Amino acid sequence: MPYKDSLIPEPLDEGKKRRKKEILQTQISSVDFESINDVGDLIESFQSSSIQARNLGQCAQIFGKMLQDEERPTIMLGLAGPLIAAGLRKVIRDMVYHNMVDIIVSTGAVLYQDYYNALGGGHYYGSPNADDNKLRELFINRIYDTYVDEELFCEDDTLIGKFADRLEPRNYSSREFIYLLSETIDDEQSILATARKKNIPIFCPALNDSSIGIGLTELHSALMENHCFEREWASLTIIFLCLVLGLLGTVHDVFYHKSVALAFFRQPRDVFGCFS
């Protein structure tokens, strides 16, 4: 056919045929559930599939090699997204507990959700199509198809602010701040508490970009208001003192000039003499 003639104008030479054969060497294997007995078999079968399934399979393969390596390379776990709201809190906690990671780098939101759970907060079935205005009236927050209690969020934000206010005034790294915060909770299923007990550091480059940051901002706002109040009170005190001193000065001037006037009428020369 004409279009095929333009697509393949001439047969491949021997060199290109060899290269083509080398490239088209490994075929994609279908996932066969008849030979799969557990999740491990399923993930392993993904290594021979395509798209994200292959990436997941390869990731598991690499992670397995890292854990079995005699030199044991440092394993850093990156956390982002609504992982805890999605029900993965215990998965992450267990990875920490079983020494499968050495360092955690996380968004503030993931850490806050763990803190929220540790203090009794829960995540609930919701709908992505819910009316957010009605949810707002009930103080319910929505994370896509999951609900959380906004009232508890507010309480936890305030607790974080109060915790920070008790710290010694100095600079803190995110690692140290998170470690100290983890000491305020006692939950065996907590990622924060488990990492502290296992001496696994947690870093959060954007700690303030989360509800933790809201708690810190709340504290900052309160401190600024107190500072402004103290400054305003000091200013009012100074103004009051100035008014008092000004009033005293006026009274003094009145009595002084009155005395001068009386002296003028009684002894004019002496009065004029006092200004010479």
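Our structure is the block above this text.
The following refers to the structure shown.

Criteria and thresholds
Residues numbered from 1 in each chain as written. Predicted model: local features only at pLDDT ≥ 70, side-chain atom pairs only at ≥ 80, totals over all residues. Heavy atoms only, no water. Pairing = 2+ DSSP bridges. Helix = DSSP H or I, 4+ residues; strand = E, 2+ residues; numbered from the N terminus. Phe/Tyr/Trp six-rings, centres within 6.5 Å; stacked < 30°, edge-to-face > 60°. Buried < 20%, exposed > 50% of the residue type's maximum accessible area, 1.4 Å probe, protein only. Right-handed = clockwise from strand over helix to strand, strands pointing away.

**So, the pairing of strand E5 (residues 146-149)**
Right, on to step 1. Of the pairings in the sheet, the one linking strand E3 (residues 124-125) to E5 comprises two bridges and is antiparallel in character. In the sheet register, Tyr124 faces E5, and the bridge partner there is Tyr147.
Right, on to step 2. Of the strand pairs in this sheet, strand E4 (residues 140-143) and E5 are connected by four bridges, and their pairing is antiparallel. Of the residues in E5, the one forming a bridge with Ile140 is Asp149.
Right, on to step 3. From the end of E4 to the start of E5, which pair antiparallel, there are two residues, and Tyr144 there has a positive phi angle of about 55°.

**Observations concerning the packing of aromatic side chains**
Right, on to step 1. Here the structure, examined in full by the defined rule, presents four aromatic pairs.
Right, on to step 2. Taking 4.8 Å as the distance between ring centres and 90° as the angle between the ring planes, the aromatic pair formed by Tyr116 and Phe153 counts as edge-to-face. Residue Tyr116 is found in helix H6 (residues 108-118), and its partner Phe153 is found in helix H8 (residues 150-166); the two are separated by 37 residues along the sequence.
Right, on to step 3. Plain terms: the ring middles of Phe163 and Phe177 are 5.4 Å apart, the flat faces sit at 65° to each other, and that makes the pair edge-to-face. Of this pair, Phe163 sits in helix H8 while Phe177 sits in helix H9 (residues 174-182), and the two are 14 residues apart along the sequence. When sorted by exposure, Phe163 lands in the same class as Phe177, which is buried.
Right, on to step 4. Here a set of aromatic residues connected by ring pairs shows up, and it is made of Tyr112, Tyr115, Tyr116 and Phe153.

**Quick word on the pairing of strand E1 (residues 76-79)**
Right, on to step 1. Here E1 shows a buried face lined by Leu77 and Leu79 and an unburied face lined by Met76 and Gly78.
Right, on to step 2. Bridging between E1 and strand E2 (residues 103-106) involves four bridges; their strand directions are parallel. Each bridged residue has a counterpart across the sheet, and for Met76 the counterpart in E2 is Ile103.
Right, on to step 3. Regarding topology, helix H5 (residues 89-97) serves as the crossover connection from E1 to the parallel E2, and that connection is right-handed.

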